[in-house]
Amino acid sequence: KYNPAFLIGLQMNFGITKKDALLFNINASKLKLSGNFTIVVTSSLIGPQQPGYENIKTFSITGGEQRLMFQLGYRRILGDTEESVMNFFIEGGATVNMTKFLRNQVAINNLQIDLSYYYTQPHYTTYHAKFLSGIGFGAFAGFGLDLRANPKWTLQLLYNPTYEKINIGEEPKLTLQHTIGLRAFYNL
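**Examining the pairing of strand 5 (residues 111-114)**
Across 4 bridges, strand 4 (residues 86-108) lies against strand 5 in antiparallel orientation. Following the sheet pairing, isoleucine 108 is matched in strand 5 by leucine 111.

**Notes on a nonpolar patch on the surface**
On the surface, Phe14, Ile16, Leu22 and Tyr74 cluster together into a nonpolar patch covering about 400 Å² of accessible area. Position of phenylalanine 14 among the secondary structure elements: in strand 1 (residues 8-15). Using a relative accessible area of 48% as the deciding quantity, one classes phenylalanine 14 as partly exposed.

**Focus: the side chain of aspartate 20**
Relative to the assigned elements, aspartate 20 resides in strand 2 (residues 20-41). Among the polar contacts made by the side chain of aspartate 20, one reaches the side chain of tyrosine 74 at a distance of 2.4 Å. Beyond its immediate sequence surroundings of up to four residues, aspartate 20 is in contact with Gly15, Tyr74, Arg75 and Arg76.

**Details of the pairing of strand 7 (residues 153-159)**
Side chains Thr154, Gln156 and Leu158 of strand 7 all project onto a buried face; the interleaved residues Trp153, Leu155, Leu157 and Tyr159 project onto a face where none is buried. Relative to strand 7, strand 6 (residues 133-148) is paired through 6 bridges, and the arrangement is antiparallel. Paired with leucine 145 across the bridge in strand 7 is leucine 157. Linking two consecutive strands that pair antiparallel, namely strand 6 and strand 7, is a turn of 4 residues. Of the strand pairs in this sheet, strand 7 and strand 10 (residues 180-186) are connected by 7 bridges, and their pairing is antiparallel. Following the sheet pairing, threonine 154 is matched in strand 10 by phenylalanine 185.

**Looking at the pattern of salt bridges**
One pass over the structure, following the stated rule, counts 4 salt bridges. A salt bridge links aspartate 20 to arginine 76, with the nearest nitrogen and oxygen atoms 2.9 Å apart. With aspartate 20 in strand 2 and arginine 76 in strand 3 (residues 55-77), this residue pair connects regions lying 56 residues apart in the sequence. Classification of arginine 76 by relative accessible area gives partly exposed; the value is 29%. With its nearest N and O atoms 2.8 Å apart, the salt bridge here joins glutamate 65 to arginine 67. Of the two residues, glutamate 65 and arginine 67, neither departs from the other in class, the shared state being buried.

How each quantity is defined
Residues numbered from 1 in each chain as written. Predicted model: local features only at pLDDT ≥ 70, side-chain atom pairs only at ≥ 80, totals over all residues. Heavy atoms only, no water. Pairing = 2+ DSSP bridges. Helix = DSSP H or I, 4+ residues; strand = E, 2+ residues; numbered from the N terminus. Patch = residues over 30% accessible without salt bridge, like charges linked within 9 Å, V, L, I, M, F, W, Y side chains within 5 Å. Areas by Shrake-Rupley, 256 points an atom, 1.4 Å probe, with all protein chains shown as cover. Salt bridge = Lys/Arg side-chain N within 4 Å of Asp/Glu carboxyl O. Buried < 20%, exposed > 50% of the residue type's maximum accessible area, 1.4 Å probe, protein only. Polar contact = N/O pair within 3.5 Å; in protein donor to acceptor, adjacent residues only side chain to side chain. Contact = heavy atoms within 4.5 Å.

Here it is, written out as structure tokens:
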């Protein structure tokens, strides 16, 4: 599973009217993954064993990847923008992501094993290298609170889910990603 991470980017808002805008966002993040895997340990035990006994050990596996995301969409501010400094907004559009594999390792007791070594072996690179990075497509939506701090600055608190394919690994599928954030816009 993915651990929570920071997403940093450039958010551009091209106003059509006071309530409607076109969006272009560029965001980057480094993600860490963590989980567990099991190994069945076979050993020659002396003495009787319980029928069906398996010596199962659990160990950790970690990984990392980089993502660069582009969003192009539309935003609508709800409510009266002239009289209120705080309004709700909704947004949606298309998203493109570029993903790159960074690392993958396991820890068995005190032994650290780098699994990315497998992908860099001389006779395997042509088959496996294509799974280490990719470009995926999807859609995003969002809603939140638009706050006019002063005539030059606008702040937005938002929830921004995306439904996209992260093209890394074999047979990637469309998945739901979640972002909670704060945006600051300088009003020209």
